[in-house]
Amino acid sequence: MGMTSSRPYMIRALYDWIVDNECTPYLLVDAHASDVEVPQQYVNKDGQIVLNIAPTAVVGLSIENASVSFNARFGGIPTNIYVPCSGVLGIYARENGQGMIFEHEPDVDPEPPTPPTKPEKIESTSTDSKRPSLKVVK
């Protein structure tokens, strides 16, 4: 069974760690990844944008399993930002560069979980219907 991406969990954990250490969390984003909504005029020649996601810089930050979203000002204009987690290239502290850069992850929709099957009823072969009990062993 395939596991879901660890990227959103790492983003949340590193964000908390960076903020707890009184540093500024920066998100490195592939601005050309599918469904990314960032102001294109701030994207560099490599197709990337660095976003300050400090609590004082953004409003309504939401780091979910599927995406990172928030509202921030760019040139004084409030802008809604949406980045699928697969478009996040890294998260690091501005002050010292500590954080993590992620490996490329293909854009795949996770398979819906299969419903659990009902366990088969196990017939007791014992004729003894006593309840289990504990004994003190010295």
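Look up a bit, the structure's there.
Below is a summary of the structure that appears in this document. (Residues numbered from 1 in each chain as written. Predicted model: local features only at pLDDT ≥ 70, side-chain atom pairs only at ≥ 80, totals over all residues. Heavy atoms only, no water.)

1. A short note on the pattern of salt bridges
Selection criterion: Salt bridge, as used here: a side-chain nitrogen of Lys or Arg that lies within 4 Å of a carboxyl oxygen of Asp or Glu. Relative accessibility thresholds used throughout: buried, under 20% of the residue-type maximum; exposed, over 50%; partly exposed, between the two (1.4 Å probe, protein chains only).
One pass over the full model with this rule turns up 2 salt bridges. The residue K45 makes a salt bridge to D46 at a minimum N-O spacing of 3.9 Å. Taking relative accessible area as the criterion, K45 reaches 81% and is therefore assigned exposed. A relative accessible area of 53% places D46 in the exposed class. Of the charged contacts in the structure, one is a salt bridge between E95 and R94, with a shortest N-O distance of 3.3 Å. A relative accessible area of 40% places E95 in the partly exposed class. Residue classification places R94 among the partly exposed residues on the basis of a relative accessible area of 46%.

2. Observations concerning the side chain of S62
Quick note on the threshold: Helix and strand assignments come from DSSP, with helices taken as H or I runs of at least 4 residues and strands as E runs of at least 2, each series counted from the N terminus. Any N or O atom pair separated by 3.5 Å or less is treated as a polar contact, with the protein-specific requirement of one donor-capable and one acceptor-capable atom, and with residues adjacent in sequence counted only for side-chain atom pairs. Working rule for contacts: check all heavy atoms of both residues, and any pair within 4.5 Å makes them a contact.
Relative to the assigned elements, S62 resides in strand β3 (residues 58–63). Overall, S62 belongs to the buried group, its relative accessible area being 19%. Side-chain polar atoms of S62 contact the side chain of E64, separated by 2.9 Å. Not counting the four nearest positions on each side in its chain, S62 is found in contact with S67, V68 and S69.

3. Side note on the environment of V38
Tracing the backbone through its elements, the reader meets V38 in the loop between β1 (25–30) and β2 (48–52). On the basis of relative accessible area, V38 is assigned to the buried category, the value being 10%. Placed 43 residues apart in sequence, V38 and I81 show a C-alpha to C-alpha distance of 5.4 Å. Once you skip the residues sitting within four places of it in the chain, V38 turns out to touch A31, V43, I49, L51, I81 and V83.

4. Examining the sheet that holds β3
The cut-off we apply is this: When DSSP finds two or more bridges between a pair of strands, those strands are recorded as paired. The axes are straight lines fitted to the C-alpha atoms, using for helices just the contacting stretch, and the angles between their N-to-C directions are given from 0 to 180°.
The 3 strands are arranged β3-β4-β5 in an open sheet whose pairing can be described as antiparallel. Every other strand in the sheet has two partners, leaving β3 and β5 (77–84) as the edge strands with one partner each. Neighbour to neighbour, the strand axes of the sheet diverge by 15° on average, direction disregarded. As judged from the 8 bridges shared by strand β4 (residues 67–74) and β5, these two strands associate in the antiparallel manner. Bridging across to β5, S69 finds its partner in Y82. With respect to the sheet, helix α1 (residues 7–20) is in contact with β3 and β4, its orientation differing from that of β3 by roughly 135°.

5. Remarks on unusual backbone geometry
Of note, E22 is a non-glycine position whose phi angle comes to about 55°, a positive value. With respect to the helices, strands and loops of the structure, E22 is situated in the loop between α1 and β1. Exposure remark for E22: the relative accessible area of 74% places this residue in the exposed category. If you check the backbone angles, D35 has positive phi at about 70° while not being a glycine. Examined against the element boundaries, D35 turns out to sit in the loop between β1 and β2.

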